Amino acid sequence: MADRQGEELRLRDVDNDSSALVEEDADGTLDKPTVRQTVWRVTKGLAPVVTIYALGFWRVASASVWVLMPFFFCLSVVRDLLRDAGRTKRRRAQLAVAADEKDLITANVSELPSWVFFPDIHRAEWLNQIIKQMWPLISVYAQSTIKKTVEPMVAESLREYKINNFAFDKLRLGSIPPKIGGVKVYDKVSRDQIMLDIDVIFASDSDISFYVSGIPCGIKDFQIRGMMRVVMKPLLTTSPLVGGMQIFFLNQPDIDYDLMGVADVLDMPGLNDVLRKVISQQVAALMVLPNKLPIVLSNEIAAHVVKLPEPEGVLRVHIFQAKNLVAKDMSLIRKGKSDPYVIVTLGAQQYKTHTINNELNPKWDYWCEFASFSPRGQVLKLKLYDEDEMVGKKHSNLGRASIQIGNVAKTGYFDKWINLEDTKHGMVHVRMLWLDLTLEQSALKRALTETQELRITNLSSAVVMVYVDSAINLPNARAQSKPDPLVRVTVGQTTQMTVGKLRTERPVYEQGFTFLVSNPETDTIEFKVIDQKTNTQLGLYVYELSALLLAQNMRVDTQPYDLIIDSKNQQHDSKLLFCLQLKFLKKLPVLVDVNDDTPTVTKPLSRQTSIQSTKSVNSVITSADVSEIQSSAVGVNTPTDGMSRTSSIKRDSTVSRSSHAGGGDQEPLVEQAETTELLSEPEEPAPGTGVLGSIQLTLTFSVARQRLNVTIHKVVNLPIKEASDIPDPYVKLYVLPKKENSNTKRKTETYKDNCNPVYEETFEYIMGVAELNSKQLEVTVLTKKTWHSPVLGQIVLNISDYVNVNTPSFTGWFDLETEIKEGTVG
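The shown structure was predicted, so the numbers you read here are calculated from the model rather than taken from an experiment.

Conventions we followed
Residues numbered from 1 in each chain as written. Predicted model: local features only at pLDDT ≥ 70, side-chain atom pairs only at ≥ 80, totals over all residues. Heavy atoms only, no water. Helix = DSSP H or I, 4+ residues; strand = E, 2+ residues; numbered from the N terminus. Buried < 20%, exposed > 50% of the residue type's maximum accessible area, 1.4 Å probe, protein only. Contact = heavy atoms within 4.5 Å. Areas by Shrake-Rupley, 256 points an atom, 1.4 Å probe, with all protein chains shown as cover. Phe/Tyr/Trp six-rings, centres within 6.5 Å; stacked < 30°, edge-to-face > 60°. Lys NZ or Arg CZ within 6 Å of the ring centre and 35° of its normal. Salt bridge = Lys/Arg side-chain N within 4 Å of Asp/Glu carboxyl O. Pairing = 2+ DSSP bridges. Axes fitted to C-alpha atoms, helices over the stretch in contact; angles between N-to-C directions. Core = buried A, V, L, I, M, F, W, Y, C linked by side-chain atoms within 4.5 Å. Lys, Arg positive; Asp, Glu negative; His and termini not counted. Polar contact = N/O pair within 3.5 Å; in protein donor to acceptor, adjacent residues only side chain to side chain. Patch = residues over 30% accessible without salt bridge, like charges linked within 9 Å, V, L, I, M, F, W, Y side chains within 5 Å. pLDDT = per-residue confidence, 0-100.

A few words on the overall build of the chain. Summing up its helical and strand segments, the chain has 12 helices and 34 strands in all. Burial status across the chain gives 46% buried among its 826 residues. Within the chain, counting contacts between residues at least 6 apart in sequence, those at least 24 apart form 68% of the total. Taken as a whole, the chain presents about 42,500 Å² of accessible surface, with 53% of it coming from carbon and sulfur.

In structure tokens:
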């Protein structure tokens with residue numbers, strides 16, 4: 001009771017504490033250590049040095065310890081600097097969360113979600129007020145949930161690192177409640193649900209202590225920030241109007257904290273990674289897609305309606321190759337190389353490619369698939385690393401890339417070279433295909449045929465959703481002791497498990513899982529009930545998926561199944577209750593736009609020759625035609641790098657799906673209008689005729705992402721002064737003004753002895769709408785024939801003349817001119 005009252009008193013003083021913190025930061029004392037802290041830091045740094053010196057001076061230890069003295073001193077200094085930087089960062093985050101709502105949203109615009117640039121301030125304010133009033137109650141509920149759910153999950157994960165006996169001792173989540181940075185409500189959703197995105201920022205003065213193998217450890221100032229989606233469904237006509245809620249993070253949130261006590265030893269590079277990895281894994285396992293936190297709000301709704309997973313589709317990813325990667329392995333006898341591999345992440349799902357040794361232009365040809373539950377807002381993340389053979393050495397970063405999968409779900413496929421970020425240079429070639437879910441039996445045959453053509457054994461043709469409800473009458477694993485059961489569900493090579501229950505023979509799980517199925521005609525689902533204390537099998541049931549093909553709508557509702565509990569396959573009174581739903585994968589037989597529904601707009605230019613606008617017309621094609629187009633886009637029948645280019649096809653509201661009267665495999669699209677036009681290949685803009693040559697560019701501006709993308713397509717007709725002096729051209733970009741700022745510098749690859757180089761490279765700039773009118777783009781073509789890279793030609797463009805809110809994309813040819821001085825272009 002005393003703790004509860006103290007917590008409420010601290011909550012009442014949050015505003016006063018926040019003011020004090022702001023004043024402290026305004027005075028500049030947040031970053032300045034006190035005299036006492038400075039003396040303690042120096043003493044702590046000199047203590048190991050003096051100790052080592054004394055051991056060597058009195059010859060208690062070998063004189064070689066003197067050699068280690070500078071190393072320990074430097075390590076101590078670096079450790080303190082890193083820790084102070086982290087603490088200052090977390091302290092400022094607490095200040096931001098405790099600050100005024102409008103200040104919070106406008107404080108650091110670059111780190112907020114794209115839709116927060118135009119936020120509904122008042123909507124976030126009243127939500128924050130509600131959370132502030134309810135925080136004492138929410139805190140108590142969260143502490144109970146963490147103790148019951150998170151503690152056993154963390155203990156299980158730490159056992160993999162030979163760390164046992166994990167248990168929480170104290171859980172205080174702090175007096176500062178979570179903050180809502182912005183809210184977006186979706187209007188284009190199904191009528192039986194409400195969906196909104198919330199930017200959640202939790203940066204409280206939390207205090208958490210725990211024991212690991214009997215050693216006291218602790219965490220303070222735990223912080224988490226991420227995009228949280230709340231889906232309320234189904235909607236009811238009776239109270240409480242909403243049947244249930246699903247709460248989850250779209251992508252892995254950012255997590256930070258500070259260690260205390262004995263665990264402070266772990267606050268060293270390398271050792272601390274274990275703890276951070278475990279914490280991130282448990283947050284992901286709890287509520288990062290495909291994992292959700294479901295809450296049933298009405299007794300009228302069956303639990304499986306809210307808790308059974310319902311993916312919107314499957315994202316098939318092909319990591320084909322990369323080029324021009326950074327060399328991390330240096331050698332005296334040969335040119336440096338790298339041993340690259342890629343980690344592919346979507347939410348909590350992750351895959352890793354194989355490693356290709358000694359290669360800067362690797363070809364992985366790696367396929368993987370993700371069940372996607374909410375493509376709008378989700379990001380596919382690629383991280384490239386150089387593998388090191390030394391045990392325990394951290395692998396070097398080769399770059400990263402992020403791809404919004406919302407557009408892939410709309411258009412059906414994706415095929416691009418992507419420039420790597422967080423590295424000097426490098427590109428990766430990624431192909432993606434979006435597969436819808438359907439109950440049509442004919443889709444299974446087409447899906448199996450496609451996987452056979454690809455000759456990839458790990459691709460799927462269907463998805464099965466599993467809901468494990470409960471078990472009854474389980475046997476004891478130990479004499480006179482009730483079991484601690486959990487259920488392991490296995491489909492193919494994939495295994496998922498429920499949360500373990502303690503001391504019960506009638507556990508209630510109410511958990512849902514999703515599995516990708518290679519062939520539902522031959523695959524099975526294996527349910528194993530395991531006692532987590534002894535790892536003894538309590539029961540087994542194997543379900544043939546071929547039986548699910550014969551069920552109505554390929555679904556069986558929750559019902560009990562007899563478990564096999566001994567080696568003689570004799571049935572027992574133990575039962576497991578679950579329900580299943582099967583759906584097939586299907587390529588969308590729709591008209592897609594390879595330009596992501598972004599029109600290419602052209603207009604007269606002062607520095608441009610004739611530009612021909614591209615146009616697309618409606619067409620009627622069959623699903624086989626679309627399948628051929630999509631197969632070309634993802635390389636279904638082209639295992640080599642070459643890919644057939646397809647023409648742009650626009651969606652049209654007058655086109656609807658229809659099937660043959662006979663119900664064949666094909667599903668042609670029938671245009672309701674009386675007249676139709678054949679699909680025509682869009683004409684490319686004509687090249688310029690400049691004396692110094694011409695360059696083709698595409699500028700694309702995204703209001704939602706606040707990004708400007710510049711694509712360098714090709715350069716033509718570069719002049720040759722002498723037959724023996726053919727240029728080695730490359731293109732360099734700057735955003736003006738402030739050319740000296742190297743953050744805006746971008747460069748393409750260099751092509752030797754080429755007057756008509758084709759680059760097809762895209763570069764990205766973070767740029768707001770307000771900046772478009774004040775920024776210019778400098779494009780320079782240079783040659784590397786000599787040491788000083790002479791300029792072959794240059795153009796300077798006013799960005800707002802070509803792209804803006806109403807004109808999101810522009811493609812055209814520009815005649816190169818002599819070098820232009822900064823600021824001379826109007």
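Bringing the packing of aromatic side chains into the picture now. Applying the stated criterion across every chain, the model contains 15 aromatic pairs. Summarising the aromatic geometry, the rings of tyrosine 543 and tyrosine 561 are spaced 6.2 Å apart at their centres and angled 90° between planes, so their arrangement reads as edge-to-face. Taken together, the positions of tyrosine 543 in strand 22 (residues 536–544) and tyrosine 561 in strand 23 (residues 555–564) put the pair 18 residues apart, joining distant regions of the chain. Taken together, Phe527, Tyr541, Tyr543, Tyr561 and Phe578 form an aromatic cluster joined through their ring pairs. The ring of tyrosine 341 carries lysine 352 above its face, with NZ or CZ at 4.3 Å from the centroid. A cation over an aromatic ring shows up here: arginine 431 above the ring of phenylalanine 320, its NZ or CZ 4.5 Å from the ring centre.

The subject of this paragraph is the pattern of salt bridges. The full count for this structure, using the stated rule, is 19 salt bridges. Between lysine 170 and aspartate 207 there is a salt bridge, with its nearest N and O atoms 3.2 Å apart. Within this pair, whereas lysine 170 is found in strand 1 (residues 166–172), its partner aspartate 207 is found in strand 4 (residues 207–212), the two being separated by 37 residues in sequence. Note that glutamate 749 and lysine 323 form a salt bridge whose closest N and O atoms lie 3.5 Å from each other. Of this pair, glutamate 749 sits in the loop between strand 30 (746–747) and strand 31 (758–766) while lysine 323 sits in strand 9 (residues 313–323), and the two are 426 residues apart along the sequence. Residue class for lysine 323 comes out buried when judged on its relative accessible area of 19%. Taken together, the shared-partner salt bridges in this structure form one network comprising Arg316, Glu369, Glu450 and Lys587.

Spatially, 31-28-27-34 is the arrangement adopted by the four strands of the open sheet, whose pairing is antiparallel. Strands at the two margins of the open sheet, each flanked by one partner only, are strand 31 and strand 34 (809–815). Put simply, the sheet's adjacent strands are angled 20° from each other on average, direction ignored. Of the strand pairs in this sheet, strand 27 (residues 694–702) and strand 28 (residues 707–716) are connected by nine bridges, and their pairing is antiparallel. Counted as the bridge partner of serine 702 is arginine 707 from strand 28.

In terms of nonpolar packing, the biggest core is built from 41 residues, with Phe166, Phe222 and Tyr257 touching the most fellow members. Leave out the neighbours within four places in its chain, and phenylalanine 166 touches Glu151, Val154, Ala155, Leu158, Phe210, Tyr211 and Val212. Residues Ala462, Val487, Leu548 and Tyr561 belong to the second largest nonpolar core, which totals 34 residues.

What follows deals with the sheet that holds strand 29 (residues 729–736). The strand order 30-29-32-33 describes an open sheet built from four strands, whose pairing is antiparallel. The strands lining the two open edges of the sheet, one partner per strand, are strand 30 and strand 33 (791–798). Where strand 29 and strand 32 (residues 776–783) come together, eight bridges link them in antiparallel fashion. Looking across to strand 32, one finds that valine 735 is bridged to leucine 777.

This part is about the side chain of aspartate 469. Following the sequence through the fold, aspartate 469 ends up in strand 17 (residues 462–472). Despite its burial, aspartate 469 pairs with no opposite charge; the closest candidate is lysine 307, at 7.9 Å N-O. A polar contact is formed between the side chain of aspartate 469 and the side chain of tyrosine 467, at a distance of 3.5 Å. Setting aside residues no more than four positions away along its own chain, aspartate 469 makes contact with Val508, Tyr509, Glu510, Thr558, Leu577 and Phe578.

Turning to a nonpolar patch on the surface, a few remarks are in order. Side chains of Ile130, Met134 and Ile138 sit close together on the surface and give an oily, nonpolar patch of about 230 Å² of accessible area. Its place among the elements puts isoleucine 138 in helix 6 (residues 121–159).

A few words on the pairing of strand 3 (residues 194–203). Across the 10 residues of strand 3, nine count as buried, placing the element largely inside the fold. The sheet contact formed by strand 2 (residues 179–185) and strand 3 spans five bridges and is antiparallel. Residue pairing across strands places valine 185 opposite leucine 196, the latter belonging to strand 3. Of the pairings in the sheet, the one linking strand 3 to strand 5 (residues 215–232) comprises 10 bridges and is antiparallel in character. Bridging from a neighbouring strand, alanine 203 pairs with glutamine 223 of strand 5.

Next up on the list: the pairing of strand 9. Among the 11 residues that make up strand 9, 11 are buried, leaving the element largely enclosed by the rest of the structure. Strand direction decides the pairing type here: strand 9 and strand 16 (residues 427–438), joined by 10 bridges, are antiparallel. Looking across to strand 16, one finds that isoleucine 319 is bridged to valine 430. Note that strand 9 and strand 12 (residues 363–372) share eight bridges and pair antiparallel. Note that in strand 12 the partner of valine 314 across the bridge is alanine 371.

So, on to the side chain of threonine 811. Positionally, threonine 811 belongs in strand 34. Accessibility expressed as a relative area gives 11% for threonine 811, which makes it buried. Side-chain polar atoms of threonine 811 contact the side chain of threonine 698, separated by 2.8 Å.

So, on to the confidence of the model for the chain. Here the chain averages 75 in pLDDT, while 68% of its residues score no lower than 70. Per-residue pLDDT stays below 50 along residues 7–30; that stretch engages in 27 contacts with residues further than four places along the chain or on separate chains. In the model, residues 104–121 has pLDDT below 50 throughout and makes 30 contacts with residues more than four positions away in sequence or in other chains.

Turning our attention to helix 10 (residues 441–454). What helix 10 keeps buried is the set Ser442, Ala443, Leu444, Ala447, Leu448, Glu450, Thr451 and Leu454. Directly beyond the C-terminal end of helix 10, a positive phi value near 60° is found at arginine 455.

With that settled, consider unusual backbone geometry. At the junction of serine 239 and proline 240, the peptide bond is cis and its omega measures out at 10° in the coordinates. Structurally, proline 240 can be placed in the loop between strand 5 and strand 6 (244–249). Geometrically, the link from leucine 736 to proline 737 is a cis peptide bond, its omega value of 0° lying close to zero. Relative to the elements of secondary structure, proline 737 occurs in the loop between strand 29 and strand 30. Positive phi is not limited to glycine here, since aspartate 753 has a value of about 50°. Structurally, aspartate 753 can be placed in the loop between strand 30 and strand 31. Here the phi dihedral of glutamate 760 falls at roughly 55°; this positive angle occurs in a residue that is not glycine. Turning to its location among the elements, glutamate 760 is positioned in strand 31.

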